[in-house]
Amino acid sequence: ECAGIRAGDLIVDLCAAPGGKSMQAAELLSEREREAAQAGVTFAPGCVISRDLTQEKADRIRENQERLGITCLKAEVFDALQTDQELTGKADVVFADLPCSGLGVIGRKTDIKYRMSEQQIEELVSLQRRILEASLGYLKPGGILMYSTCTVDRKEDEEQVSWIQEHFPFQTEPL
């Protein structure tokens, strides 16, 4: 809902597996397109491009897509560290729920506190930034970036948002 999905939008989910955000975005997109069609508004059909690094993850997204009967979604194997020139300037919304330390789910995954180090967090911050640098050019002017992690680490959250604002023409919007 916060992404403001509209009929005809192109939505790119960068690190999508298992695809929950992609599925919800596709359902919202279909709903918006039905509403627009009923109101007599013309638009090119929208699409959710749901990507992840491995075939196994893309297959998992496709399984969820088939289970839910979603047709306006393309699950693809794609390394988010690479830039897809064909998408440059075309996306209305980019979901960047990026790999993180997972410290926000430590209650469910208690082993995280025993295996996560400060150095690993720094490496994750670097990875997140490299993915953002490769992908944020996909957005049209005025497009929406939904950046999220499942951590509570300041370096991966508040400091990362500050970095994004320093390096890209984005401003934060309150939810």
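Residues numbered from 1 in each chain as written. Predicted model: local features only at pLDDT ≥ 70, side-chain atom pairs only at ≥ 80, totals over all residues. Heavy atoms only, no water.

## Brief notes about the nonpolar core
Next up, step 1: Counting residues in hydrophobic clusters, the biggest one holds 22 residues, and the most contacted among them are Leu 14, Val 94, Leu 98, Leu 132 and Leu 145.
Next up, step 2: Broken down by secondary-structure element, the contributors of at least two residues to this core are β1 (10-13), β2 (47-52), β4 (91-97), α4 (118-135), β5 (139-148) and α5 (158-167).
Next up, step 3: Residue contacts for Leu 132: discarding those within four places in its chain leaves Ala 96, Leu 98, Tyr 147, Trp 163, Ile 164 and Phe 168. (Core = buried A, V, L, I, M, F, W, Y, C linked by side-chain atoms within 4.5 Å. Buried < 20%, exposed > 50% of the residue type's maximum accessible area, 1.4 Å probe, protein only. Helix = DSSP H or I, 4+ residues; strand = E, 2+ residues; numbered from the N terminus. Contact = heavy atoms within 4.5 Å.)

## So, the pairing of β2
Next up, step 1: Burial analysis of β2 places 6 of its 6 residues in the buried class, which makes it a mostly covered element.
Next up, step 2: What you see with β2 is no split at all: Cys 47, Ile 49 and Arg 51 on one side and Val 48, Ser 50 and Asp 52 on the other are buried throughout.
Next up, step 3: Where β1 and β2 come together, 4 bridges link them in parallel fashion. Each bridged residue has a counterpart across the sheet, and for Val 12 the counterpart in β2 is Ile 49.
Next up, step 4: For the segment spanning β1, helix α1 (residues 20-38) and β2, crossover handedness is right-handed.
Next up, step 5: Relative to strand β3 (residues 73-77), β2 runs parallel, the two sharing 5 bridges. Note that in β3 the partner of Ile 49 across the bridge is Lys 74.
Next up, step 6: Note that the unit made of β2, helix α2 (residues 55-68) and β3 has a crossover that is right-handed. (Pairing = 2+ DSSP bridges. Right-handed = clockwise from strand over helix to strand, strands pointing away.)

As far as function goes, none of this settles anything; it's purely spatial.
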